Structures are given as structure tokens and as C-alpha cells.
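# Architecture and fold: a report
So the chains spell out like this:
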Amino acid sequence: MSILVLNTLSESNDEVLDLQNQICMQSEGSEVVYTKEMKISHCIGCNYCWLKTPGICTIKDDYEIIFKKILKHGKIVFITDTKFGFVSYQTKNLIDRILPIATMYLHFVDGQMRHVPRYDVRPQMGIIYTGKAEHAYLEKWLDRVTLNFESTSIGVFALEEGRGILSCI
């Protein structure tokens with residue numbers, strides 16, 4: 001299962017470069033996308049991706065490229081800095097914009113209501129972060145995000161412990 005690494009940091013951090021190279025070596029067909037200089041807007045909650053243009057976000061920006069890549073990979077690793085103990089706004093935008101992967105229709109999974117997936121792809125997701133973060137909160141948040149997409153969390157790792165993700169991939 002190939003891995004998509006979405007790096008919101010600059011390309012100059014040697015420790016990050018080394019780690020993402022190790023992640024990509026785990027699976028053939030893996031790739032890295034640097035999003036720092038890309039134009040990626042936030043989700044505006046218009047629901048067009050559910051109602052008017054099913055599976056397609058109405059916002060036309062660089063995220064279209066990323067979304068097509070998400071549909072090709074079984075795992076996504078977000079590399080992010082943190083602000084106020086949480087992922088950066090760039091990473092939050094990336095995760096919010098995954099919404100077209102689901103439909104507006106609901107069904108019950110393990111006693112909880114969930115959106116019906118639009119595609120067969122249900123990418124597992126993981127986070128590697130720099131800076132200070134509320135680690136337990138990030139883990140719980142990512143668990144809920146992946147649950148909403150009928151997926152699973154690979155885990156949340158501080159950069160210093162980032163190699164731990166290699167055993168989870």
C-alpha cells in the first residue's frame with residue numbers, strides 16, 4: 001500500500017527529509033508533496049462536493065492535485081508544525097478538504113452514525129509534528145477524523161520520535 005507524504009514544512013529541514021525518505025522507502029509508489037508554497041484554501045462548507053458536484057470540490061486551487069493523489073494512496077502522512085498546541089492551519093485545511101471522499105448519506109457503523117464513503121479508498125492517516133503540541137488531544141482528534149472516513153489512524157508522532165511511525169506503516 002503506497003504512502004502519500006503531505007509536508008507543510010519547508011524543504012530545508014534535514015531531519016524531516018531523512019524521515020520522509022525512510023517513510024517512502026516502506027512502499028513502492030510512495031511520494032512526497034510539499035504544500036508550503038501551494039495555494040490551498042480552507043473548506044467553506046458549501047456542501048457542493050456532496051450536492052451539486054458529487055466528489056468534486058467547488059474551490060479551484062492546488063488542492064485538486066492533492067485530492068487526486070489521495071485517491072491513489074492507501075496511507076497519508078501529514079508532516080506539520082504546531083500552533084497553539086494543534087496542527088498548523090495548512091494541515092487543518094488539507095484534512096478538512098478531504099470531505100469529498102464521503103457522501104452526504106449516513107449509515108450506522110458500530111452504533112455510530114457515519115457518512116457513506118464515495119470511493120473504495122479509505123486512506124489510513126498519520127501525523128508527524130514539530131513544536132509543542134497536546135499529543136493526547138492530537139491522537140484523539142486524528143482517531144475521530146479517520147473514524148469519520150471509515151479509516152484508521154497510523155498514529156501521531158513528535159518529530160523527535162517520528163521513526164516510530166515506520167513500525168506502524
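For the structure, see preceding data.
First things first, this report covers the structure right here in the doc.

What counts, and at which threshold
Once a new chain begins, its residue numbering starts again from 1 and follows that chain's sequence as written. Per-residue local features are limited, in this predicted model, to residues with pLDDT of at least 70; the limit for side-chain atom pairs, both in listing and counting, is 80 or more; totals at the level of whole chains, interfaces and linings are taken over all residues. Values shown for side chains rest on all heavy atoms present in the structure; no hydrogens or waters enter the calculation. Helix and strand labels come from DSSP, where a helix needs a run of H or I of at least four residues and a strand needs a run of E of at least two; each type is numbered from the N terminus. Think of it in three bands: with a 1.4 Å probe and only protein chains considered, a residue is buried below 20% of the maximum accessible area for its type, exposed above 50%, and partly exposed in between. Residues count as neighbours in contact if any of their non-hydrogen atoms are within 4.5 Å of one another. Put simply, a salt bridge is a Lys or Arg side-chain nitrogen that is within 4 Å of an Asp or Glu carboxyl oxygen. Using a 1 Å grid laid over the protein atoms alone, points where a 1.4 Å probe fits but cannot get out form a cavity; open sets with protein on both sides within 12 Å along at least 5 of 7 lines form a pocket; any residue with an atom within 4 Å of a point counts as lining. Grid points are joined across faces, edges and corners, and a volume is the space filled by probe spheres set on the points. Like-charged residues within 9 Å of one another, or nonpolar side chains (Val, Leu, Ile, Met, Phe, Trp, Tyr) within 5 Å, are grouped into patches, provided each residue has over 30% relative accessible area and no salt bridge. Working definition of accessibility: Shrake-Rupley area with a 1.4 Å probe, residue cover restricted to the visible protein chains. We call two N or O atoms a polar contact when they sit within 3.5 Å, provided that within protein one can donate a hydrogen and the other can accept it, with sequence-adjacent residues counted only if both atoms are side-chain atoms. Remark: nonpolar core denotes a set of buried residues (Ala, Val, Leu, Ile, Met, Phe, Trp, Tyr, Cys) joined through side-chain atoms within 4.5 Å. For this scheme, ten residues count as nonpolar: Ala, Val, Leu, Ile, Met, Phe, Trp, Tyr, Cys and Pro. Four count as charged, namely Asp, Glu, Lys and Arg, and the remainder, Gly too, count as polar.

### A word on the environment of Thr130
- Within the fold, Thr130 resides in strand 7 (residues 124-130).
- Note on Thr130: relative accessible area 18%, which makes it buried.
- Sequence separation between Thr130 and Gly155 is 25 residues, and the spatial gap between their C-alpha atoms is 15 Å.
- Dropping the residues within four chain positions of it, Thr130 is found in contact with Leu9, Thr80, Asp81, Thr82 and Leu159.

### Quick word on the pattern of salt bridges
- If you walk through the whole model with that rule in mind, you get seven salt bridges.
- Across the pair Asp18 and Arg163 runs a salt bridge, and its minimum N-O distance is 2.4 Å. Placement of Asp18 in helix 1 (residues 14-24) and of Arg163 in the segment after strand 8 (153-158) is noted, with a sequence separation of 145 residues between them.
- Given a relative accessible area of 34%, Asp18 falls into the partly exposed group.
- For Lys60, the salt bridge identified is with Glu64, shortest N-O distance 3.9 Å.
- For Glu64, a relative accessible area of 33% translates into the label partly exposed.

### Quick word on the layout of surface pockets
- Volume-wise, the largest pocket comes out at about 210 Å³.
- Only helix 4 (89-96), strand 5 (102-109), strand 6 (112-117) and helix 5 (135-148) provide two or more residues apiece to the lining of the largest pocket.

### Concerning a nonpolar patch on the surface
- Together, Leu51, Met104 and Tyr105 make up an exposed nonpolar region whose accessible area comes to about 340 Å².
- Examined against the element boundaries, Tyr105 turns out to sit in strand 5.

### Description of helix 1
- Burial in helix 1 covers these residues: Val16, Leu19, Gln20, Gln22, Ile23 and Cys24.
- The secondary structure elements touched by the buried residues of helix 1 are strand 1 (3-7), strand 2 (31-34), strand 3 (75-83) and strand 7.
- Backbone nitrogen of Glu15 and a side-chain oxygen of the N-cap are separated by 3.0 Å at the start of helix 1; the cap is Asn13.

### Structural notes on the environment of His73
- With respect to the helices, strands and loops of the structure, His73 is situated in the loop between helix 3 (63-70) and strand 3.
- In this structure His73 comes out as buried when scored by relative accessible area, which is 4%.
- Through-space distance from the C-alpha of His73 to that of Met1 is 6.9 Å; in sequence the pair is 72 residues apart.
- Within the structure, the side chain of His73 is placed 2.7 Å from the side chain of Ser2, a separation counted as a polar contact.

### Regarding the nonpolar core
- Formed by 27 residues in total, the largest nonpolar core has its most connected members in Phe78 and Ile98.
- Secondary-structure elements contributing two or more residues to this core are strand 1, helix 3, strand 3, strand 4 (86-87), helix 4, strand 7, helix 5 and strand 8.
- For Ile98, the contacting residues outside a window of four places in its chain are Tyr63, Phe67, Ile70, Ile76, Phe78, Met125 and Phe149.
- Leu9, Leu19, Ile154 and Ile165 belong to the second-largest nonpolar core, a separate cluster that totals 15 residues.

### Structural notes on empty space enclosed by the protein
- Throughout the structure, instances matching the rule amount to two cavities of 30 Å³ or more.
- Lining the largest cavity are 13 residues, with Cys43, Cys46, Cys49, Cys57 and Leu99 sitting closest to its centre.
- Within the lining of the largest cavity, the residues separate by chemical class into eight nonpolar, three polar and two charged.
- In this structure, the second largest cavity spans a volume of roughly 30 Å³.
- Residue composition of the lining of the second largest cavity, by class: five nonpolar, no polar and one charged.

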